[in-house]
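Breakdown of the fold
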Amino acid sequence: MMKKLILTVLCLMLASVASAAGGAYIGEPANTNIKSQSSLQKGAKTYMNYCLGCHSMEFQRYNRVAEDLGLTEDEMMSSLVLTDAKFADKMTHTMTKEQGEQWFGKAPPDLTVIAKARGVDWLYNFLINFYVDPSRPSGWNNLTFPNASMPHVLWELQGIREAKFETHTDEAGEKHTEFVGFETIEAGQLSEQAYKDLVRDLVNFLDYSAEPAQLIRMSYAPWVLLFVALFTFLAYLLKVNYFRDVH
Ligand code: HEC
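Residues numbered from 1 in each chain as written. Predicted model: local features only at pLDDT ≥ 70, side-chain atom pairs only at ≥ 80, totals over all residues. Heavy atoms only, no water.

**Some remarks on the layout of surface pockets**
Roughly 740 Å³ of volume is contained in the largest pocket. Residue lining of the largest pocket: 39 residues in total, with His-55, Pro-108, Pro-109, Leu-111 and Met-150 positioned closest to the centre. Elements supplying a minimum of two residues to the lining of the largest pocket: helix H2 (37-50), helix H6 (114-118), helix H7 (120-128) and helix H9 (192-209). Residue classes in the lining of the largest pocket are distributed as 29 nonpolar, 8 polar and 2 charged. Approximately 250 Å³ is the volume attributed to the second largest pocket. Every residue lining the second largest pocket is counted, 17 residues in all, and those nearest its centre are Ile-128, Gln-158, Arg-161, Glu-192 and Lys-196. Every element with two or more residues in the lining of the second largest pocket is listed here: H7, strand S6 (175-187) and H9. In terms of residue class, the lining of the second largest pocket is made up of 6 nonpolar, 7 polar and 4 charged. (1 Å grid on protein atoms, 1.4 Å probe; cavity = no way out; pocket = protein on both sides within 12 Å on 5 of 7 lines; lining within 4 Å. Points joined across faces, edges and corners; volume = space filled by probe spheres on them. Helix = DSSP H or I, 4+ residues; strand = E, 2+ residues; numbered from the N terminus. Nonpolar A, V, L, I, M, F, W, Y, C, P; charged D, E, K, R; others polar.)

Structure, rendered in structure tokens:
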């Protein structure tokens, strides 16, 4: 009886995990480590170099990121900030939504809290699973996010790959297309492992970036408590004053 119950619960849990994944191709876990400051710093650098041009981080400021990642203002401004932005500026770019739609068919979304929406495993697999596809307007397709309108902006690092698919016909005569593997057409600047490490750091940075919103809310807490304490004290004084002559 107990065994059956445990089994049922396990099945339900598995089913919910499967439906949460929504059929996206998640080949391997991201294995990020939010506690590694050097990983976060490397991820931030990759983000500034390869992503910020299209994806703003409206709810992040350079000085905040520098402080959280243990970088001095000098380090931040000289090696990470590539535009003429100021240290206290928000991490924005100059592309408007209309330009984004016109250029890519879809405006690149803000990525401040993308890790909350997609999860680190999805992001990691999205960034390692691009392949060439001449039938797409950008020339690229993606196994984890099929028909995404984002081009493979890290192709020089990863290289150019084709995806191999096989089509089977089952007994009912229905065709099923199955992904069977990638084939490298042109090697990239990085080895497969080095590329995956770079993406892991980048996803780690996206994961961190989704957190400060919570930290900001947390930092209000002491002030709220202080206000409540002060208010209680004032109310007490008032009560003492009002009831002075009542006995
Ligand atoms: C040349 C412009 C461009 C650059 C550079 C770029 N992207 Fe994108 N990205 C796009 C566009 C356009 C989309 C929208 C794709 C869609 O919805 O079909 C997108 C979508 C995404 C999404 C999916 C968002 C969602 O819908 O959940 C993620 C994640 C993402 N980009 C991450 C990155 C990262 C990380 C980098 C840096 C390595 C990067 N992008 C660089 C254009 C760009």
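**Focus: the packing of aromatic side chains**
Scanning all chains against the criterion turns up 12 aromatic pairs. Centroid distance Tyr-131 to Phe-165: 5.9 Å. Interplanar angle 65 degrees. Geometry classified as edge-to-face. Taken together, the residues Tyr-131 in strand S3 (residues 130-132) and Phe-165 in strand S5 (residues 159-169) connect sequence positions 34 residues apart. Residue classification places Phe-165 among the partly exposed residues on the basis of a relative accessible area of 39%. With centroids separated by 5.9 Å and ring planes inclined at 65 degrees, the aromatic side chains of Phe-165 and Phe-179 adopt a geometry described as edge-to-face. In this pair, Phe-165 is assigned in strand S5 and Phe-179 in strand S6, connecting sequence segments 14 residues apart. Put simply, the rings of Tyr-25, Tyr-131, Phe-165, Phe-179 and Phe-182 pair up and form one aromatic cluster. Directly above the aromatic system of Trp-122 lies the positively charged group of Arg-118, at a separation of 3.9 Å from the ring centroid. If you follow Arg-118 out to its NZ or CZ, it ends over the ring of Phe-145, 5.2 Å from the centre. (Phe/Tyr/Trp six-rings, centres within 6.5 Å; stacked < 30°, edge-to-face > 60°. Buried < 20%, exposed > 50% of the residue type's maximum accessible area, 1.4 Å probe, protein only. Lys NZ or Arg CZ within 6 Å of the ring centre and 35° of its normal.)

**Some thoughts on the site of the ligand**
The local shell around the ligand holds 21 residues, among which Cys-51, Cys-54, His-55, Arg-118 and Met-150 are the closest. Residue Lys-106 places a side-chain N or O atom 3.3 Å away from an oxygen atom belonging to the ligand. For the ligand, an oxygen atom lies 2.7 Å from a polar atom in the side chain of Ser-149. Because more than half of its atoms lie within 2 Å of the grid, the ligand is assigned to the largest pocket. At the level of secondary structure, the elements contributing two or more residues to the shell around the ligand comprise H6 and H7. Of the residues contributing to the shell around the ligand, the split by class is 17 nonpolar, 2 polar and 2 charged. (Near = heavy atom within 4 Å. Polar contact = N/O pair within 3.5 Å; in protein donor to acceptor, adjacent residues only side chain to side chain. Sits in = over half its atoms within 2 Å of the grid points.)

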